[in-house]
Each structure stands twice: as C-alpha cells, then as structure tokens.
Amino acid sequence: MRIAFLDSGLGGLTVLSAAMRELPKEDFLFYADTLHVPYGTKAKEDVKSYIFQAMEAVMQEEVKAVVVACNTATSMAITDLRKMYPIPVIGMEPAVKPAVEISRLSGKRILVLATPLTLKESKYKDLVRRVDSEHIVDSLPMSELVEYCEALNFDAQIMSAYFSKKFEAFDMNEYGTIVLGCTHYPFYKKILSDLLPEHMQIIDGSRGTVNRLIQVLDDHHLRSSSGHQHVKLLNSSQSAEYSEKMKEALRIYRAIDSQ
C-alpha cells in the first residue's frame, strides 16, 4: 500500500521529497493533474471539480493515505475529501504560525507568497486572523511562478529579475520571514536566499505536513516497518513526456533541498 501525493503539477514534489527523506521504507504515488494545472488562478468551483476527479483517479491505486500537496487544493476541498473517503487525508496550509513564532524573536514582519486563489480563500484568512494578533503578516500573490516552475525555468538571472520586480513595493529590511505558501515555490528558495537580505528566513509547510503525515500513520498503525522505497509517478494527461519532466524536477529539487 502506497502513500499518495496529489497536486496540479510539479509543486507537490517538494512535499514528496521531504516525505522520502523521513519515511525511507514507504512506497509513494505522486499524481499530477496536468490537464488542469495551474489551480491557483482558476475559478473556485472548477478547481473543486478537478480535485475530486484527481482524487478518484488516485483512489484507483492501492493507497493507505493521501496528502493533498497543494495549498490551493487544500483550501478548496480538504473538508469534503475527508468526508468522502475512509482513509486519512492530510492537507497543507501556508506556514504562517511558525513564521509568527519566529517574528516574536526578530520583531520583523512576515511576507506570505501564494497563489491568488489561496490568498482569497477564507481558510487562509482565518489562519492569519487566528495567529497574527500583532498584524505583522502581509501577502503577495505570485500567479506566474507556478508557470515558471512547470516550464522548469530555474534560470537565476531571469528569476531574480522576476522576484526583484515583485518585491519593488516592499522594504525588505522590515521583513524577517518569507513564507512560501505554494508547493511549487520551494524550487526557488536558493534563488530567493541569494537575492534577499541575509537576515531573512525562508520557510514552507512541507516539514509540518510530513510531521503530520507521520503522526497520522502512527495513530492508524499504517507506517511500514520494512521494505524499500519506491515512487510511482502518474499524471492526468497520461503524458510520458510529463512523466520524464516529473523525474527531472524531483532530481532538481532533491539537489536544492540537500544544500
């Protein structure tokens, strides 16, 4: 039985990578909904429909738990998915809470980067309202970044120019933490680290999500105690070319993540 990871495209590979590191005896399935990528710029009802279709496809495989490795998909559909399926379904949320805890020490503001749809949703707004009592969290939509990632565009010069333009309206000396609120964005954490002031921390929700996954597996006695790790890659367009792109993206990210 496998642990499945579901996303619109390549982004969820950043969460899968963290799980591969922490759960070396598990088998994994990664499903990219390439027919509908990206989710974060589309209409809410359309996205919910896409997620339900993707989940049905994933459930045709032998899976024991599903990680919705997409902040947008989690905010749209996680409650419904948990009601619809008998296995554990783990979602994601931008790492705003740990960022607020960091800021208590630094006294600096927090900037959350995410898709437009994630930032519009009540799930995100409620999260900020719950943890940001000092009103130090700002948000910045980055709709184009998913498309850059899907094109495997990790050119440091091009991407640094993109980020510099997006950050023009912000005095980065006022900020201590950047939250990467979309699973595609950690592909750019090295470029961001080189671009931003040295005092800034860059965090995302992968570690917290994988910690939650491990807790749920243990609670349900589902964690494998033996075996060799294997990863199966699927995509909704059944494209062999995209499968190769997924392999390359996972290789690229695992190299970034090991630095």
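Up top is the structure.
Everything quoted here is computed from the prediction, not taken from an experiment.

Here strand E3 (residues 63-68) lies mainly inside the structure; 6 of its 6 residues are buried. Across 5 bridges, strand E1 (residues 2-7) lies against E3 in parallel orientation. When the bridges of E3 are listed, Arg2 appears paired with Val63. Here E3 runs beside strand E4 (residues 89-90); their pairing, made up of 2 bridges, is parallel.

For the rest of this paragraph, the subject is the pattern of salt bridges. For side chains bearing opposite charge, pairing can occur when the charged atoms are close. Within this structure, the stated rule accounts for 15 salt bridges. A salt bridge links Asp218 to Arg223; its shortest N-O distance comes to 2.8 Å. Glu244 is paired through a salt bridge with Lys247; the nearest N and O atoms lie 3.2 Å apart. With Glu244 and Lys247 both in helix H11 (residues 240-257), this residue pair falls 3 residues apart, about one helical turn. Exposure remark for Glu244: the relative accessible area of 48% places this residue in the partly exposed category. Assessed through its relative accessible area of 48%, Lys247 is described here as partly exposed. Residues joined by salt bridges that share partners form a network here, namely Arg21, Glu22, Lys189 and Asp257.

Parameters at a glance
Residues numbered from 1 in each chain as written. Predicted model: local features only at pLDDT ≥ 70, side-chain atom pairs only at ≥ 80, totals over all residues. Heavy atoms only, no water. Buried < 20%, exposed > 50% of the residue type's maximum accessible area, 1.4 Å probe, protein only. Helix = DSSP H or I, 4+ residues; strand = E, 2+ residues; numbered from the N terminus. Pairing = 2+ DSSP bridges. Salt bridge = Lys/Arg side-chain N within 4 Å of Asp/Glu carboxyl O.

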